[in-house]
Amino acid sequence: AQSVAQPEDQVNVAEGNPLTVKCTYSVSGNPYLFWYVQYPNRGLQFLLKYITGDNLVKGSYGFEAEFNKSQTSFHLKKPSALVSDSALYFCAVRPVTGRRALTFGSGTRLQVQP
Amino acid sequence: GAVVSQHPSWVICKSGTSVKIECRSLDFQATTMFWYRQFPKQSLMLMATSNEGSKATYEQGVEKDKFLINHASLTLSTLTVTSAHPEDSSFYICSAHTSVSSYNEQFFGPGTRLTVL
């Protein structure tokens, strides 16, 4: 069985400062890793995905994530936060082979203060 | 890009009635769709995997007779909550899997908020 841990319920950061949202995972075999963002009463919007290759993945809206196999982590980062980045962020994983359904972390609420 | 719609976006119903939620892939075909449920301030929990032309696969603890899933075409999956009760009130989100995009493979609908009185 696979699992995802997002240890922080909320992350607060000042506008213009760098942000990090943490994610660790557990999966049998190699993983596909995802980050999604959710705004109130909306579905999930795709940010980025790690498949293979370069450990640093660049995604939408200036976000990036670093895959660290030894630490089984996939932290989301952004060099300079915007107030509009305030939302709920979900990390998700699925095995490369096997069923395609995603397993989500519990979510981290990002609050960017002006 | 690939777009997934859900209808209705919100619904309020009386206890004991049934509610149907539609999930459509608008510009691509999806052999597999997933139904998730999200309680307030919680994560998405997979309810079932819907495969076109075959029976849905339900996750452990999800009542298949209560949450009826039909995937009659490559662009449409429906979730029917039968004899709904207040504890079924939740945010239901579908997603459609496609291999069209090499970058993202699963596209999510905007969700349906169900409130059972």
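Residues numbered from 1 in each chain as written. Chains lettered and ligands numbered in written order. Predicted model: local features only at pLDDT ≥ 70, side-chain atom pairs only at ≥ 80, totals over all residues. Heavy atoms only, no water.

Here we look at the packing of aromatic side chains
1) Next: Under the counting rule described, the total for this entry stands at 15 aromatic pairs over all chains.
2) Next: The interplanar angle of 75 degrees and the centroid separation of 6.0 Å between the aromatic rings of A:Phe104 and B:Phe108 together place this pair among those described as edge-to-face. Of this pair, A:Phe104 sits in strand E11 (residues 103–104) while B:Phe108 is found in strand E10 (residues 106–108), placing the two residues in two different chains.
3) Next: Overall, the relative accessible area of 8% leaves A:Phe104 in the buried class.
4) Next: Judged by its relative accessible area of 9%, B:Phe108 falls in the buried class.
5) Next: A connected cluster of aromatic rings, assembled from ring pairs, spans A:Phe34, A:Tyr36, A:Phe46, A:Phe90, A:Phe104, B:Phe34, B:Tyr36 and B:Phe108.
6) Next: Over the face of the ring belonging to A:Tyr32 we find A:Lys49, whose NZ or CZ atom lies 4.9 Å from the ring centre. (Phe/Tyr/Trp six-rings, centres within 6.5 Å; stacked < 30°, edge-to-face > 60°. Helix = DSSP H or I, 4+ residues; strand = E, 2+ residues; numbered from the N terminus. Buried < 20%, exposed > 50% of the residue type's maximum accessible area, 1.4 Å probe, protein only. Lys NZ or Arg CZ within 6 Å of the ring centre and 35° of its normal.)

Considerations on the nonpolar core
1) Next: Within the largest apolar cluster, 27 residues are counted, with the highest numbers of intra-cluster contacts made by A:Trp35, A:Leu47, A:Leu48, A:Phe74, A:Leu76 and A:Tyr89.
2) Next: Counting only elements with at least two residues in this core, the list comes to strand E2 (10–14), strand E3 (19–21), strand E5 (31–38), strand E6 (44–50), strand E8 (64–68), strand E9 (73–78), strand E10 (87–95) and strand E12 (108–113) of chain A.
3) Next: Core analysis: the next-biggest nonpolar cluster, separate from the first, contains 24 residues, B:Cys13, B:Val19, B:Ala48 and B:Ala96 among them. (Core = buried A, V, L, I, M, F, W, Y, C linked by side-chain atoms within 4.5 Å.)

Some points on the state of the cysteines
1) Next: Counted according to the given criterion, the structure contains 2 disulfides over all chains.
2) Next: Across the disulfide from A:Cys23 sits A:Cys91; the S-S distance is 2.0 Å. In this structure the cystine formed by A:Cys23 and A:Cys91 twists about its S-S bond by roughly -60 degrees; its chirality is therefore left-handed. Here A:Cys23, found in the loop between E3 and strand E4 (24–26), pairs with A:Cys91, found in strand E10; they are 68 residues apart in sequence, far enough to count as distant.
3) Next: Judged by its relative accessible area of 0%, A:Cys91 is buried.
4) Next: Note that B:Cys23 is cross-linked by a disulfide to B:Cys94, the S-S spacing being 2.0 Å. When the S-S torsion is 80 degrees, as for the bridge of B:Cys23 with B:Cys94, the disulfide is right-handed. Separated by 71 residues along the polypeptide, B:Cys23 in strand E3 (residues 19–25) and B:Cys94 in strand E9 (residues 90–97) bring together distant segments of the chain.
5) Next: Owing to a relative accessible area of 0%, B:Cys94 belongs among the buried residues under this scheme.
6) Next: Note on B:Cys13: no disulfide assigned, nearest cysteine sulfur contributed by B:Cys94 at a separation of 18 Å.
7) Next: B:Cys13 gets classed as buried once you look at its relative accessible area, which sits at 10%. (Disulfide = S-S within 2.5 Å.)

Some thoughts on the pattern of salt bridges
All names here are of chain A.
1) Next: According to the stated counting rule, one finds 5 salt bridges over all chains in the structure shown.
2) Next: A salt bridge links Lys77 to Glu66, with the shortest nitrogen-to-oxygen separation between them at 3.7 Å. Taken together, the residues Lys77 in strand E9 and Glu66 in strand E8 connect sequence positions 11 residues apart.
3) Next: Residue classification places Lys77 among the partly exposed positions, given a relative accessible area of 30%.
4) Next: Judged by relative accessible area, which is 39%, Glu66 ranks as partly exposed.
5) Next: Salt-bridge contacts for Lys78 lead to Asp85; the nearest nitrogen and oxygen are separated by 2.8 Å. Like Lys78, the residue Asp85 is buried in the burial classification. (Salt bridge = Lys/Arg side-chain N within 4 Å of Asp/Glu carboxyl O.)

Overview of the interface of chain A and chain B
1) Next: Contacts between the two partners involve 25 residues from chain A, matched on the other side by 22 residues from chain B.
2) Next: Counting the surface lost from both chain A and chain B, the interface buries some 1,800 Å², and carbon and sulfur atoms represent 50% of this.
3) Next: Considering only the surface of chain A that becomes buried against chain B, A:Phe46, A:Arg100 and A:Phe104 emerge as the three largest contributors, covering 27% of it.
4) Next: Here chain A and chain B share 0 salt bridges between them.
5) Next: At the boundary of chain A with chain B, the tally comes to 5 residue pairs in polar contact (both at pLDDT 80 or more).
6) Next: Here the side of chain A that touches chain B gets 5 residues from one element, more than from any other, and that element is E6(A).
7) Next: In the side of chain A that touches chain B, the residues fall into 13 nonpolar, 6 polar and 6 charged. (Contact = heavy atoms within 4.5 Å. Buried area = accessible area lost by both parts, 1.4 Å probe. Polar contact = N/O pair within 3.5 Å; in protein donor to acceptor, adjacent residues only side chain to side chain. Nonpolar A, V, L, I, M, F, W, Y, C, P; charged D, E, K, R; others polar.)

These figures capture arrangement, not role.
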